[in-house]
Amino acid sequence: MIRLNDITSQILKHNPKANLDIVEKAYVYTAKIHHGQTRLSGEPYLSHPLEAAYVLAKMKMDVVCIAAGFLHDTVEDTDATIEEITSLFGKEVSDIVNGVTKISKIYFATSKQRQAENIRKMILAMSHDIRVILVKLADRLHNMQTLGFQKPEKQYRIARETLDIYAPLAGRMGINWIKSKLEDLCLYYMEPEAYAQIQSQISLRSGENAKIIIDAKKLLEKKLEEVGIKACVKGRDKHFYSIYKKMADQNLDVTQVYDILAFRVIVSSIKDCYAALGHIHAMWKQLQGRFKDYISVPKINMYQSLHTTVFGPFNQRMEIQIRTWEMDKVAEEGIAAHWKYKEGKYPSQNGEEQFAWLRQLLEWQQNLKDPVEFLETVRMDLFPDEVYVFTPKGDVKAFPMGSTPIDFAYSIHSEVGKKCMGARINGKMVPLRHSLTNGDIVEIITSKNQHPNEDWLEFVKTSKARTKIRQWIRNQERDESITLGKDLLEKELLKSNLPVSDFMRNSKLKSVAEQLSIKTAEDLLAQIGFGKISPKQVINRLKPMFGLKEDRPPGIVSKVVGKIIHRKEDHGIKVKGISDILIRYANCCSPLPGEHIVGYITHGHGISIHQDCCKNILHADPERLIEVSWEPLQKERHMAKLRVISSERKGILAELCTVISQKDANITYADVKTTTDQKGITNFSLEVEDFQHLNSIMRTLKKLKSVLIVERV
């Protein structure tokens, strides 16, 4: 159990001149008032306020806050009154204690209302003292650490509440070590099997990971020292909950999660941060799309760092955070690193402005009287990746950020989504592409003549809306294809002098369908209409029934596309062994020879070629995808786009262009912008030979002294 001496030593470590009288007095009072009380674990109740006070001391809080940590449960769980706390310890301490006292005497209809009311009490106290939240977080952390002594149903309820409210609140306040601990503890109680799997996998890899951490740390420190950057490098396994989130988000098994190592590189200046990033990317290959610059654009809780993911030693994925010592202090301590109290003084105006979001929450709690509505409003602010909107009746619905009225309509009912022709948001008409924002009141306008169209797929966000729209489009295409297939087949029957009326009966169609491994006669007609089966293939199956000789089967292109469209020039692409089809390269991903590609059969425009990882292909109809391969032609050029981020200085554009020209690439477009933090962003359009050629250009550009980042657009 934590002792008073542990707490006072921690206080004096960061504040040697601290007056410990109020802390020692609070300890004595707490020990006296809780005497004889025990926790479910059998430990003296005093162990809980001691642990909470120790957490606050580790957060480097002032003696008033730590004294409140000792006293936070006295009013709720003993005969002590808030007036007594005020007379003994002063109004500042009693206000904090009052802020974290649970409202146990008031009955609410549901636990959700009780939870909301507790948060309201917390925010109300925050109107003049944010230390209420810090004490509450310390209290919740220790309660979660001893949650195993509660009944299973209570364990789940408290863990759910912690994950929904307190862990995000700790993150929003920048106290990431508390956030991570709370999340891991919540995972342990809410998903014990997943927790055990992750723990087991981490244990299995512990030896291998330890070696990688040591090797990577030595390599990083040595490389940075060689270029004159003094750095402290720390490495560890990622937190369990972050691994679990990755598994859930990407539908992975724990054995498929490879980037479980995290490194922190701490340097002396912002300049060294960007320089270190460049050298790290030169050492190890960067994982595309995983770079974040929180230095130039800090998070709302003032967190600053550069984040990148690389393939390190043994080709192991590693997440690396690069920051200064001051940034590291903020990342570890969060709000506690800024919220410094002096005798009788409150935070400066600048400090208040840094936490404007807290004042906004206070305004909400004053204006919203219903506890449930207030809880939803708080959740809106705690979960920036979600948007909460209201139905006209006042029901709250949650959607992914960027969702539209179409997503809202489909969440009501599939028929409402299908017939959605417009929407009123807060009483005003908006286009269907309009992005919903927190607090919107959404009313859907429908029409019996309205129906979904393919354009909706470009902007809807929810899987339900996307699935229903695709399903409707497929059904429409199927109906049209059946009609078209019937017409094409009848014409071919007439050409072959076969009896149309006799063959078009369902029994004949079904017989041919079965021979072609197709379920129904309608499916057969649809396949003809789609161009996947030619009418001649069907006729050839029919002719033996009439004693006629079968024609030579059609070519493979007819099977796939239905109609061969000859090209005027060769594009160096093979479509299942044949190259005489209209080919075009997709602008969305601009594939280059050497990259893995796939073909997509368009409506009347031949085949478009995409990278096999292109986001448009990932959501495409799999029935329209076709196998393709490269047959590169000599002297053929392809378009590629690059973005180069560099230190802004005179002549940088000329230097970049010279490198590209020396690499035998033609620049067709260049655009340069300067950011407020004196960095240059240059966008290039280039003509290159293949993927290897482009990579060679990128590697050379990265070696330039002023270049920070080179990425393909």
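Residues numbered from 1 in each chain as written. Predicted model: local features only at pLDDT ≥ 70, side-chain atom pairs only at ≥ 80, totals over all residues. Heavy atoms only, no water.

(A) Highlighting helix H30 (residues 691-702). Between its first and last C-alpha atoms H30 spans 17 Å; for twelve residues at 1.5 Å apiece the expected length is 16 Å, and the two agree. If you check which residues of H30 are buried, you get His 693, Leu 694, Ser 696, Ile 697, Met 698 and Leu 701. On the buried face of H30, the contacting elements are strand E18 (638-647), helix H29 (652-662), strand E20 (679-688) and strand E21 (707-712). The backbone nitrogen of Gln 692 lies 3.3 Å from a side-chain oxygen of the residue at the head of H30, namely Asp 690. (Helix = DSSP H or I, 4+ residues; strand = E, 2+ residues; numbered from the N terminus. Expected span 1.5 Å × (residues − 1). Buried < 20%, exposed > 50% of the residue type's maximum accessible area, 1.4 Å probe, protein only. Contact = heavy atoms within 4.5 Å. Polar contact = N/O pair within 3.5 Å; in protein donor to acceptor, adjacent residues only side chain to side chain.)

(B) Quick look at the side chain of Asp 184. Inspection of the secondary structure assignment puts Asp 184 in helix H11 (residues 176-190). This buried residue, Asp 184, is left without a salt bridge; Arg 236 holds the nearest opposite charge, at 8.0 Å. The residues contacting Asp 184, other than those within four sequence positions of it, are Tyr 195, His 239, Phe 240 and Tyr 241. (Lys, Arg positive; Asp, Glu negative; His and termini not counted. Salt bridge = Lys/Arg side-chain N within 4 Å of Asp/Glu carboxyl O.)

(C) View of the side chain of Ser 590. Assignment of secondary structure puts Ser 590 in the loop between strand E13 (583-585) and strand E14 (597-601). Setting aside residues up to four positions removed in sequence, Ser 590 forms contacts with Glu 595, Gln 611, Met 639 and Arg 712.

(D) Looking closely at empty space enclosed by the protein. Summed over all chains, the structure comprises four cavities of 30 Å³ or more. Quantified by volume, the second largest cavity comes out at close to 50 Å³. Where the lining of the second largest cavity is concerned, the elements lending two or more residues are helix H15 (270-283) and E21. Here the lining of the second largest cavity gets four residues from one element, more than from any other, and that element is E21. (1 Å grid on protein atoms, 1.4 Å probe; cavity = no way out; pocket = protein on both sides within 12 Å on 5 of 7 lines; lining within 4 Å. Points joined across faces, edges and corners; volume = space filled by probe spheres on them.)

(E) Broad picture of the pattern of salt bridges. Summed over all chains, the structure comprises 19 salt bridges. Notably, a salt bridge pairs Arg 3 with Asp 6, separated by 3.7 Å at the nearest N-O pair. Here the salt bridges do not stand alone but share partners, grouping Asp 62, Glu 92 and Arg 131 into one network.

(F) Spatial organisation of unusual backbone geometry. For Ser 590, which is not glycine, the phi torsion reads 40° and is therefore positive. Positive phi is not limited to glycine here, since Asp 664 has a value of about 60°. Locating Asp 664 in the fold gives a position in the loop between H29 and strand E19 (666-674).

(G) View of helix H14 (residues 240-250). Among all positions of H14, only Phe 240, Tyr 241, Ile 243, Lys 246 and Met 247 are buried. Buried-residue contacts for H14 involve helix H10 (152-172), H11 and helix H12 (192-204).

(H) Focus on the pairing of strand E6 (residues 317-324). Counting buried positions along E6 yields seven of eight residues, so the element is predominantly enclosed. As defined by bridge partners, strand E2 (residues 261-267) adjoins E6 across seven bridges and the pair is classed as parallel. Paired with Val 265 across the strands is Ile 322, a residue of E6. Turn length for the strand E5 (residues 306-311)-E6 hairpin, with the two strands adjacent in sequence and antiparallel, is five residues, and the turn residue Phe 314 shows positive phi of about 60°. (Pairing = 2+ DSSP bridges.)

(I) Here's a closer look at the confidence of the model for the chain. Overall, the prediction assigns the chain a mean pLDDT of 79, with 80% of residues at 70 or greater. In this model residues 120-127 is a low-confidence stretch, pLDDT under 50, and it forms 27 contacts with partners more than four residues away in sequence or in other chains. For residues 339-354, every residue scores under 50 in pLDDT, and the model assigns this stretch 19 contacts once sequence neighbours within four places are set aside. (pLDDT = per-residue confidence, 0-100.)

(J) Geometry of the packing of aromatic side chains. As enumerated under the stated definition, the model contains nine aromatic pairs in all. Both rings, one in Tyr 241 and one in Tyr 244, keep their centres 6.1 Å apart while their planes meet at 35°; by these two values the pair is tilted. Residue Tyr 241 and its partner Tyr 244 are both found in helix H14; the two are separated by three residues, about one turn of the helix. The exposure class assigned to Tyr 241 is buried, which follows from its relative accessible area of 13%. Residues Phe 399 and Phe 408 carry aromatic rings whose centres are separated by 6.0 Å and whose planes lie at 40° to one another, so their mutual orientation is tilted. In terms of burial, Phe 399 and Phe 408 fall into one category: buried. Each member of the aromatic cluster is reached from another via a ring pair, and the members are Tyr 188, Tyr 189, Tyr 195 and Phe 240. Directly above the ring of Phe 89 sits Lys 25, whose terminal nitrogen or CZ lies 5.3 Å from the centroid. It is Arg 39 that lies over the ring of Tyr 45; its NZ or CZ is 6.0 Å from the centre. (Phe/Tyr/Trp six-rings, centres within 6.5 Å; stacked < 30°, edge-to-face > 60°. Lys NZ or Arg CZ within 6 Å of the ring centre and 35° of its normal.)

(K) Representation of the layout of surface pockets. Here the second largest pocket defines a volume of roughly 1,700 Å³. When contributions to the lining of the second largest pocket are tallied by element, the ones reaching two or more residues are H15, strand E3 (285-286), E18, H30 and E21. The element best represented in the lining of the second largest pocket is H15, accounting for ten residues. Across the lining of the second largest pocket, the residue classes break down as 21 nonpolar, 14 polar and 15 charged. (Nonpolar A, V, L, I, M, F, W, Y, C, P; charged D, E, K, R; others polar.)

(L) Spatial organisation of the packing of helix H7 (residues 91-100) against helix H9 (residues 131-145). One way to put it is that H7 packs onto H9 with a least axis distance of 9 Å and a crossing angle of 55°. By the criterion of interaxial angle, the relationship of H7 to H9 is oblique. The two elements H7 and H9 cross, and the hand of that crossing is right-handed. In this structure, H7 uses Glu 92, Asp 95, Ile 96, Gly 99 and Val 100 to contact H9, whose residues at the interface are Arg 131, Val 132, Val 135 and Lys 136. (Axes fitted to C-alpha atoms, helices over the stretch in contact; angles between N-to-C directions. Parallel < 35°, antiparallel > 145°, perpendicular 65-115°, else oblique. Left-handed = near helix turned anticlockwise from the far one by under 90°.)

(M) How the structure looks around the sheet that holds E20. What the four strands build is an open sheet, ordered E19-E20-E18-E21; its pairing is antiparallel. One side of each edge strand has no neighbouring strand; the edge strands of this open sheet are E19 and E21. Averaged over all pairs of adjacent strands, the angle between their axes in this sheet comes to 20°, without regard to strand direction. Bridge analysis of E19 against E20 gives eight bridges, and the strand direction is antiparallel. In the strand pairing of E20, Val 672 is matched with Thr 682. The sheet contacts of H29 involve E18, E19, E20 and E21, and relative to E20 the element is tilted by about 25°.

(N) View of the sheet that holds strand E10 (residues 428-430). The strand order across the open sheet formed by three strands is E10-E9-E11, and the pairing between neighbours is antiparallel. On the outer flanks of this sheet lie E10 and strand E11 (442-446), each paired with one strand and no other. In this sheet, adjacent strand axes meet at a mean angle of 35° when their direction is disregarded. As judged from the three bridges shared by strand E9 (residues 420-425) and E10, these two strands associate in the antiparallel manner. Across the sheet, residue Ile 425 finds its bridge partner in E10, namely Lys 428.

(O) A look at the environment of Asp 272. Along the chain, the position of Asp 272 falls in helix H15. Put simply, Asp 272 and Ile 229 are 43 residues apart on the chain and 6.6 Å apart in space, counted from C-alpha to C-alpha. Other than its neighbours up to four places away in sequence, Asp 272 contacts Ile 229 and Val 267.

(P) Local environment of the pairing of E2. When you tally the buried positions in E2, you get seven out of seven residues, the bulk of the element. Here six bridges tie strand E1 (residues 232-237) to E2, and the two strands are oriented antiparallel to one another. Across the sheet, the residue bridging to Gly 235 is Phe 263, located in E2.

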